[in-house]
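Spelled out, the chains give:
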Amino acid sequence: MSTTHNSRQHDGQVRLLTKVARMYHERGVRQADIAQALNISQAKVSRLLKRAANVGIVRTTVTVAPGVYSELEEALEERYGLAEAVVVDCDPEADDAERIGAIGAGAAAYLEATLSGADRIGVSSWSQTLLAMTDRMRPFTTRGATEVVQLLGGIGSPDVQNHSHRLLAELARILGAEAVYVQAPGIVAGPEIRDSLLADPSMQEVSRHWRELTMAVMGIGSIEPSDILAVSGNAFATPDRERLIADGAVGDICHRIFRSDGTAVTGPADDRIIAIPVDDLRRVPRRVGIAGGRRKHEAIRGALAGNWVNTLVTDLQTAEALAES
């Protein structure tokens, strides 16, 4: 008798667990309404739902949406020690403009989903991908950040200087943040000019902002400059590039040059840069690199190897190459 009674009791419990689970998970009935319908307390409904999960009546499965590459992102995070990797769907036959647009859209979505409202964000000045990101962002209904600061001198040839200033002004407007400009070129003629400009009170104030950043959003450059940088007056001259390549340079972030193993290339070229110092950059908690395309593969690997960035937004083909190499 006892065995039969226990069996019936068990069957009744399983039936109740199943009924509550189906009402809540399949029919979308609220817990309060389940409690009323079954004449039990809402606390008991909550306990039954937890038990249904514990005994396997309810199993949680995550369905990956099309265009989301969770496994590949996790592989990159594990391999390169990244806090986060964001892989953007991109047609393998896409040209440079289409690829930049796709990565920019992915970066825009990432920022929109992760900004706290209290962030102080540094941005690199001459990045086509960052401009594509900004063009695809919607204005925040609540403040997205407190300030947006240029990480690299934003003054250049009048024809393209608008690119640098528009990027910062637009991003600040979208986020409801204060814009902080670097009123100097990215590259100057010599170290004495650099030192003089850095000693100016306005640059001292910018340096203070650099030390207080919580996030940096940066393009990753190859040694050969982009079209926009090449005509800005802020690209390294051909003799400089030849010397840098001879020293093993593969890429740069904010004009800070690095080799394939991530080590910084210092020397005459670096002594003429007006940009966030390397030590200050490395202290920024969230350093987001946004780049992709075959031309950038070696530069991205170097940036990851040297921990120049700890979050990467890139396209599918570049992500696959990074995972396989």
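Residues numbered from 1 in each chain as written. Predicted model: local features only at pLDDT ≥ 70, side-chain atom pairs only at ≥ 80, totals over all residues. Heavy atoms only, no water.

Enquirer: So what exactly am I meant to see when it comes to the sheet that holds strand 3 (residues 147-150) here?
Expert: By way of backbone hydrogen bonds, the strands of a sheet pair with one another, either parallel or antiparallel. Pairing in this open sheet of seven strands is parallel, and the strands run 1-10-9-5-2-3-4 from one edge to the other. Since the sheet does not close on itself, it has two edges, and those belong to strand 1 (84-88) and strand 4 (178-180), each with one partner. For this sheet, the mean inter-axis angle between neighbouring strands, taken without regard to orientation, is 15°. Pairing analysis gives five bridges linking strand 1 to strand 10 (residues 311-315), with the strands arranged parallel. Following the sheet pairing, Val-86 is matched in strand 10 by Val-313. Contacts from helix 6 (residues 128-135) reach strand 2 (120-123), strand 5 (215-219) and strand 9 (286-290) within the one sheet, and its direction differs from that of strand 5 by about 115°. (Pairing = 2+ DSSP bridges. Helix = DSSP H or I, 4+ residues; strand = E, 2+ residues; numbered from the N terminus. Axes fitted to C-alpha atoms, helices over the stretch in contact; angles between N-to-C directions. Contact = heavy atoms within 4.5 Å.)

Enquirer: I tried to follow the nonpolar core on my own but got confused; where do I start?
Expert: Across soluble globular proteins, nonpolar side chains have a tendency to be buried as a group. Leu-76, Leu-151, Trp-210, Met-218, Ile-220, Ile-253 and Leu-304 are the most contacted members of the largest nonpolar core, which has 38 residues in total. For this core, the secondary-structure elements that each account for two or more residues are helix 4 (70-80), strand 1, helix 9 (201-211), strand 5, strand 7 (249-253), helix 13 (297-305) and helix 14 (316-324). Looking at this core, the element that brings in the most residues is helix 13, giving four residues. Filtering out sequence-adjacent residues up to four positions away, Leu-151 remains in contact with Gly-122, Val-123, Ser-124, Trp-210, Leu-213, Ala-216, Met-218, Cys-254, Ala-275 and Ile-276. (Core = buried A, V, L, I, M, F, W, Y, C linked by side-chain atoms within 4.5 Å. Buried < 20%, exposed > 50% of the residue type's maximum accessible area, 1.4 Å probe, protein only.)

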